[in-house]
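Per-entry structural report
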Amino acid sequence: MLSIHDFQYSSDAPYPPVRAESVNPAYARVMLDNIGGNNSEMSAISLYVFNHLITGYNPDVSAVFHKVSIVEMHHLDIFGKLALQLGEEPRLWTQHGCKKIYWSPSCNQYPGELRTLMRNVIDGEKAAISKYQHQISYIRDENITENLRRIILDERLHVEIFEKVYGEYCS
């Protein structure tokens, strides 16, 4: 039986300091996308709060979403601080071309059936990992890349947790 108390929701590795090397508009836009893009920490948080509420019939599954959302809030805080240090106001928005676009709950999919809901969150976490790995490949600020690497450790744990939930309740 699934025990939410056996899960580790955040890696034991310490988070590096949040300290960008210098103002950098290009890197700031990347952080903004991590804050308020379609595949962003805000999207994850809002979806996990929603999932926590609609899975209330299963207290263990509901609690998993609540606990993961708290870790995602920490990631949002890190990206927000980096965006500010890099020269951007850390609003819930992203930039496409010259236009800033505010984050919206419409960024998320809201499947109601547990199997589909769990596949959706697993895919979302994997997409975030891929996005952050891609960012590491071109960002040349060591502090930002260290933070991205550390956040990826948490996202990998979330994939493992969600896959265990899927195996327990959706197989």
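Refer to the structure printed above.
None of these values were measured; they are calculated from a predicted model.

Observations concerning the environment of L82
As for its placement among the helices and strands, L82 is situated in helix α3 (residues 59-86). Classification of L82 by relative accessible area gives buried; the value is 0%. With 59 residues separating them along the chain, L82 and V23 place their C-alpha atoms 9.7 Å apart. Ignoring any residue separated from it by four or fewer positions in sequence, one finds L82 in contact with V18, R19, A20, M31, N143, I144 and N147.

Some thoughts on the packing of aromatic side chains
As enumerated under the stated definition, the model contains seven aromatic pairs in all. Each ring, one from F7 and one from Y9, has its centre 6.1 Å from the other, and the planes form 85 degrees; the classification is edge-to-face. Across this residue pair, the class does not change: F7 and Y9 are buried. For the pair F50 and Y110, a centre-to-centre distance of 4.9 Å together with 75 degrees between the ring planes defines the contact as edge-to-face. Here F50, found in helix α2 (residues 41-54), pairs with Y110, found in the loop between β2 (99-102) and α4 (114-138); they are 60 residues apart in sequence, far enough to count as distant. The class for Y110 is partly exposed, based on a relative accessible area of 36%. One aromatic cluster is present, formed by Y48, F65 and F162 through successive ring pairs.

Quick look at α2
Taking 1.5 Å per residue as the helical rise, α2 with its 14 residues ought to reach 20 Å, and the 20 Å between its terminal C-alpha atoms agrees with that figure. Those residues of α2 that fall on the buried side of the exposure criterion are E41, M42, S43, A44, I45, S46, L47, Y48 and N51. Contacts from the buried residues of α2 go to α1 (25-36), α3, α4 and α5 (142-169).

Procedures and definitions
- Residues numbered from 1 in each chain as written.
- Predicted model: local features only at pLDDT ≥ 70, side-chain atom pairs only at ≥ 80, totals over all residues.
- Heavy atoms only, no water.
- Helix = DSSP H or I, 4+ residues; strand = E, 2+ residues; numbered from the N terminus.
- Buried < 20%, exposed > 50% of the residue type's maximum accessible area, 1.4 Å probe, protein only.
- Contact = heavy atoms within 4.5 Å.
- Phe/Tyr/Trp six-rings, centres within 6.5 Å; stacked < 30°, edge-to-face > 60°.
- Expected span 1.5 Å × (residues − 1).

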